[in-house]
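Below are the chains, spelled out letter by letter.
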Amino acid sequence: MASSHLEDSDIFQLINDTDSDCCTDNSESDVEGSESESDIDEDQSSSSATWGPPHQRGTRSVNTYSGGAVGLKTHEAPHVNKDSTPFSVFMLYFAEIIHLLVEETNRYYHQHVDRRQDGPSPRPDVTESEMFLFLGIIIQMGHDIRDRLTDYWSTAEQFATPFYSKTMKRDRFLHILRFLHFADNRTEIDRNDDSYDRLWKIRTIFDTLNDAFEKYYNPSEHLAVDEIIVKFKGRVIFKQYIPKKHKRFGIKIFKICDAAGYTYDMKVYLGKDRTRADRDVTATHATVRDLCRRIEGVGHKLYMDNFFSSPDLFDELMTKKITCCGTVRPNRKGLPDDFRRRQFRLRKGDIRVRVRQNMTALVWKDKRDVYMLTNMHSPPAEGNFCGEHGNATKPAVVADYNKHMGYVDKADRMANSYGICRRTWKWTNKLFFHLLDLTILNSYILLSSCGAKLSHRDFRLALVRNMLELAGRGPPRPQRPRGRPPAVRSEPSRIGEVTIQHWPTSSTSKLRCRECSSRGIRRTVRTKCVRCDIGLCISGCFQEYHTKATFR
């Protein structure tokens, strides 16, 4: 039913006519090509313009998408195709990181050994083959969740899985996991310095992956910005507590993802940014601006929720050929006064619209008031719009937002479907394992864009097999010598020839150890040498006496 004087067919036509800029006809291209610098200057100053009711729609400047085909950038990786192995795609992102992991893990272990004056004998360095075996086991564990790490090597009937023990010994795995490191501790700068980076322990890996994510992939036209939480309850200064989230405690990461769930760019929230020089914008404004630095100038359409949306942000991104749509908080600076004061008294299905040049702000009443802000849609008609059964008719702006806003959640859901994150007190390990999951997901999406017919699960399992095959072709793993080294260096051949008939035997007489007595120690023993017929300790004195007797 409609409360306005328009007919039902006209009303629904106005609601659904949103000019979503998805078509690429010549007329729109001409409009984009005729956009001058004066139009951009006008958009920059549009925040001071006044809002008004919707007017007769005329020609609007639009951004035609020119970002190229979605998927692999063939000029960056011409050897990758649909027949490529999962490992070859994964190594596009992880080739440099493998070398770094081996180098820093060995460095950290040697620093640990140097700090200890007494301790066990040093273990052999970790090799690249061992690191691939370690990562293969970590990935496989995501498909086989158990209560404790040691259960994977258990020989109990209900736990026995030969894969883990045949791939790597338990103690060697735990050794690598304990000393897994990502940066040299000696490079840390003063924490009171303004340029101190709270992410320095894993910054190199984070930036390397971030650059590679952008290097090899073309994202889709529609993108979404949102935040995710990497669950972590340990101690780290930038840990977040968000009670309404499923994961209440953890490390917050801002991401921009495309329709396939590919993470194109990301940024870890590290608390208040002390290095940001521009104080005229909010923290969320600066975050979205940083995430969009790699998608400027090609006509992307960006969706975000009310945590990020603001008229000033939309105006700035419009100058970079990025149109935006999202929910918005009614008290945001720059919104119409009647929105900020919440003066509307709406019934279910009511729509109120305010327009400022290319920007449209609307409030729609469903179960509660929904505030939207967009510069990629034409303003819908005002009025009350309900269906036959009294349900509110959803505007096309809201429908588009619901369709595209879930890209970040989709990526997080897929990455965590075979999560390898385990309980740990080291936030660096927690974040690294999440980045590993994310890299595997992006590798899978990249290979799928080439036409490969492979599920996410099969991709991960094939990746594990490829890693084990590569490690098997590498240099042999170093073997640690078994047993305790001899206390006395001697010539075994000569001693053996002389002492071959000397061995201890029990005695009922209370004999005293001859070697101990020579050192002033009164020790009674019940053993003697069957050949020498003298009392000697069964431990070291027996061997020591006959060694000295041999070379006298």
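For the protein chain, an unreviewed UniProt entry supplies the name PiggyBac transposable element-derived protein domain-containing protein and the organism Cryptotermes secundus.

Draft legend 1. Expanded view of the overall build of the protein chain. Check the secondary structure of the protein chain and you find 18 helices and 14 strands. Expressed as a percentage of its 552 residues, the buried residues of the protein chain come to 47%. Residue pairs in contact within the protein chain that sit at least 24 positions apart in sequence constitute 67% of those at least 6 positions apart. Total accessible area computed for the protein chain in this model is approximately 29300 Å², and 48% of it derives from carbon and sulfur atoms.

Draft legend 2. Layout of a positive patch on the surface. Together, Arg116, Arg123, Arg178 and Lys426 give the surface a local cluster of positive charge. Mapped onto the fold, Lys426 is located in the loop between α13 (407-415) and α14 (427-449).

Draft legend 3. Molecular detail of α13. When we look at burial in α13, the residues that qualify are Tyr407, Val408, Ala411, Asp412 and Ala415. Viewed end-on, α13 has its buried residues packed into an arc of 135°, placing them on one side of the element. Buried-residue contacts for α13 involve β3 (222-231), β5 (249-258), β6 (263-268), α12 (396-404) and α14.

Draft legend 4. Layout of the environment of Ser378. For Ser378, the location among the structural elements is in the loop between β11 (369-374) and β12 (383-384). Overall, the relative accessible area of 5% leaves Ser378 in the buried class.

Draft legend 5. Geometry of the pattern of salt bridges. Scanning all chains against the criterion turns up 28 salt bridges. Residues participating in the shared-partner salt-bridge network are Glu103, Glu104, Arg107, Asp184 and Arg186.

What counts, and at which threshold
Residues numbered from 1 in each chain as written. Predicted model: local features only at pLDDT ≥ 70, side-chain atom pairs only at ≥ 80, totals over all residues. Heavy atoms only, no water. Helix = DSSP H or I, 4+ residues; strand = E, 2+ residues; numbered from the N terminus. Buried < 20%, exposed > 50% of the residue type's maximum accessible area, 1.4 Å probe, protein only. Contact = heavy atoms within 4.5 Å. Areas by Shrake-Rupley, 256 points an atom, 1.4 Å probe, with all protein chains shown as cover. Patch = residues over 30% accessible without salt bridge, like charges linked within 9 Å, V, L, I, M, F, W, Y side chains within 5 Å. Salt bridge = Lys/Arg side-chain N within 4 Å of Asp/Glu carboxyl O. Lys, Arg positive; Asp, Glu negative; His and termini not counted. Charge placed at Lys NZ, Arg CZ, Asp CG, Glu CD. Arc of directions from axis to C-beta.

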